[in-house]
Amino acid sequence: MVYLTTYPSTLLVLAQTTDQYNANKLSNIEGIDNVTTSEPLDPTFSLSTTVEKSSSTESSTSTSLGPINTALPADCSQREKNRAQPVAKTSSRLRKCCPLGENLDIYRENQSDSMCDNGILKFEPTVISAVLFDNCIEDLEIETILDYDIGNPCNSSFQYDDEEDVFFVLQDGSLLIIDHDNESYTVEENYCLDIDKTGHLFAFTCITQVEEQIAFAKVVMVAVLMLISMPCLLLVSYLHLTLRLLRNLHGLCLSLMSLCLASGYFVHSVVHIYGIPYTGFIGYVIQFFILSYFFWYFCVCFNVLFNVWYKLPCCIQLSKTWATINFVCYCLIAFTGPATLVTLTVQKGLPGMPSYFLQGLTESIRESQRYFIPPVSTILICSFLVNVISFFGFQRINGYTKAEKNDHAGPTDVIFDQQKYEDVKKDAKCVCLLGIIMIVSWLLEIITFYSGSNSKYLVLCDMVNGLQGVWVLLIFLVVRRRRTIILRWWYDRGSHKIEGTELEELDKSGNHI
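Now for a description of the structure that goes with this document. (Residues numbered from 1 in each chain as written. Predicted model: local features only at pLDDT ≥ 70, side-chain atom pairs only at ≥ 80, totals over all residues. Heavy atoms only, no water.)

Quick word on the overall build of the protein
Reasoning step 1: The helix and strand tally for the protein stands at 11 helices and 18 strands.
Reasoning step 2: When burial is assessed residue by residue, the protein has 44% of its 513 residues classed as buried.
Reasoning step 3: The contacts in the protein between residues at least 6 apart in sequence include a share of 70% that link residues at least 24 apart.
Reasoning step 4: About 26,900 Å² of surface is accessible on the protein, with carbon and sulfur atoms providing 57% of the total. (Helix = DSSP H or I, 4+ residues; strand = E, 2+ residues; numbered from the N terminus. Buried < 20%, exposed > 50% of the residue type's maximum accessible area, 1.4 Å probe, protein only. Contact = heavy atoms within 4.5 Å. Areas by Shrake-Rupley, 256 points an atom, 1.4 Å probe, with all protein chains shown as cover.)

What to know about the nonpolar core
Reasoning step 1: If you look at the biggest cluster of nonpolar residues, it comprises 63 residues, and the most contacted ones within it are Ile-290, Tyr-293, Phe-294, Trp-296, Phe-372 and Leu-434.
Reasoning step 2: For this core, the secondary structure elements donating two or more residues are helix H1 (216-242), helix H2 (249-273), helix H3 (281-311), helix H4 (320-348), helix H6 (373-406), helix H7 (418-450) and helix H9 (468-478).
Reasoning step 3: Sorting elements by how many residues they give to this core places H3 first, with 14 residues.
Reasoning step 4: The contact partners of Phe-372, leaving out residues within four places of it in the chain, are Gln-287, Ile-290, Leu-291, Pro-354, Ser-355, Tyr-356 and Trp-442. (Core = buried A, V, L, I, M, F, W, Y, C linked by side-chain atoms within 4.5 Å.)

Quick word on the pattern of salt bridges
Reasoning step 1: One pass over the full model with this rule turns up six salt bridges.
Reasoning step 2: A salt bridge links Glu-102 to Arg-370; the shortest N-O distance between them is 3.1 Å. Pair noted here: Glu-102 is in strand E7 (residues 102-104) and Arg-370 is in the loop between helix H5 (363-367) and H6, with a separation of 268 residues, a long-range link.
Reasoning step 3: Two residues, Asp-117 and Lys-197, come together in a salt bridge whose shortest N-O distance is 2.9 Å. A residue pair is termed long-range when its members are at least 10 positions apart, and Asp-117 in strand E8 (residues 116-118) and Lys-197 in the loop between strand E17 (191-195) and strand E18 (201-209) qualify at 80 residues.
Reasoning step 4: Salt bridges sharing common partners tie together Glu-102, Lys-348 and Arg-370. (Salt bridge = Lys/Arg side-chain N within 4 Å of Asp/Glu carboxyl O.)

Some thoughts on the environment of Leu-261
Reasoning step 1: Positionally, Leu-261 belongs in helix H2.
Reasoning step 2: For Leu-261 and Phe-294, which are 33 residues apart along the polypeptide, the C-alpha to C-alpha distance reads 8.7 Å.
Reasoning step 3: Each residue touching Leu-261, except ones within four places of it in the same chain, is listed here: Leu-233, Ile-290, Tyr-293 and Gln-468.

What to know about the environment of Cys-260
Reasoning step 1: As for its placement among the helices and strands, Cys-260 is situated in helix H2.
Reasoning step 2: Accessibility expressed as a relative area gives 5% for Cys-260, which makes it buried.
Reasoning step 3: Cys-260 sits 30 residues away from Ile-290 along the chain, and the two C-alpha atoms are 6.6 Å apart.
Reasoning step 4: The contacts of Cys-260, once residues within four sequence positions are left out, are Phe-289, Ser-292, Tyr-293, Trp-296 and Phe-335.

Details of the sheet that holds strand E16 (residues 185-188)
Reasoning step 1: A sheet is described by the order of its strands in space; here four strands give the open sequence E9-E14-E15-E16, paired in mixed fashion. The open sheet has two edge strands with one neighbour each: strand E9 (127-128) and E16.
Reasoning step 2: Bridge count between E9 and strand E14 (residues 166-170): two bridges; the pairing is parallel. Directly across from Ile-128, in E14, lies its bridge partner Leu-170. (Pairing = 2+ DSSP bridges.)

Everything listed here is a matter of geometry and, on its own, says nothing about what the molecule does.
Structure representation (structure tokens):
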């Protein structure tokens, strides 16, 4: 237990813990340079001090204070207990400033750089179970272990370090700080704690805390738009899995891509509508599905590149076995990539929730997206480059076809499957339109995340992003070949009648958008 009591010229702090109390915490007693304490400390004790004075001849004087048995109570039971007491719960967390495996870099040369660096020392703070009284703290000496929340929740903060300040983590995850005058203490809920490379423990308590920039009603509105996108994405997935003319390698990749985005949007929207805590497993599930969506798009782009640069010029028609192997390779890329990023996120103790509905107002929030925003941006850039390379592949094939038409001496050695070429060309146009929508939506998400304002246009950006599934469906309605195939499938079930001219489009060798 810790007593905080004030005397006319002497401030006494008694501590009873499992370890010997650090004697320099009493060094602020007036007129005392060296303090010697014995353990355990008792309410009735002798405080011995040695005052060293320098003069022409060295001398030392020892002063002894008599027993103090009337000033302090035997324990905290004679004091008034605080109404608000720390209570350990399953949701109690100790907030660590840096990701797991990283330490503070307080004295870095460039203060604008990240405050965290690769860790050298293991972060093992002591958590105490205590009962709080009026200027008295009773340590129950119960071993308590808390999970970590990663990140600094403060816009601006006070800094404490264990060399000059005394602070402990309570069983409910709050921070107990003993004031400098040792007359009182404070309990902080909004803080973060970490060590630097020298082993010193630092605490940061909030002067101003990060506030939610998007109201709950707006979050629900965007979440509802995600739910509207979900049936559109499921319809695209269903059509590419069931229609024979769409159920090729390209269609299977598009189907799984749409299914991943639909799954991520569904879990994401339900979590926000019903206020379900999204830290931990649920956040990692959402992160996996959203990342898989972008990885599948890269596979779709690469499939077009593979067709236009290899399969078409070489007149290669993959057998069913090789087509299956090709699809399995795409699955490995599309699922192992997100799984690796999610694993890294878990190892660092970062929240898995993607940046939707978040604003990077502090370094810790921006740091929490290190395995989402940079990877997605990289994937979209690589997909764009793949589409550019595919464009030059089509130009190369067009040059061959023109040369073949102008060759009057005889047929050339290069023979193209014109129907296959037109199909790949239509797929490439569809992929490019989808890429434009994805890049625009992602740029709007980046603007929303890194903007520090609370403007209404930011919510509009989230709304456009939430309707991404609707835009994906519209692409397949714009592309005539796919629209004709879908209408024919609908007509075969007797639910819709279409004109014969639309059916003829399906049999033409060269269809145009």
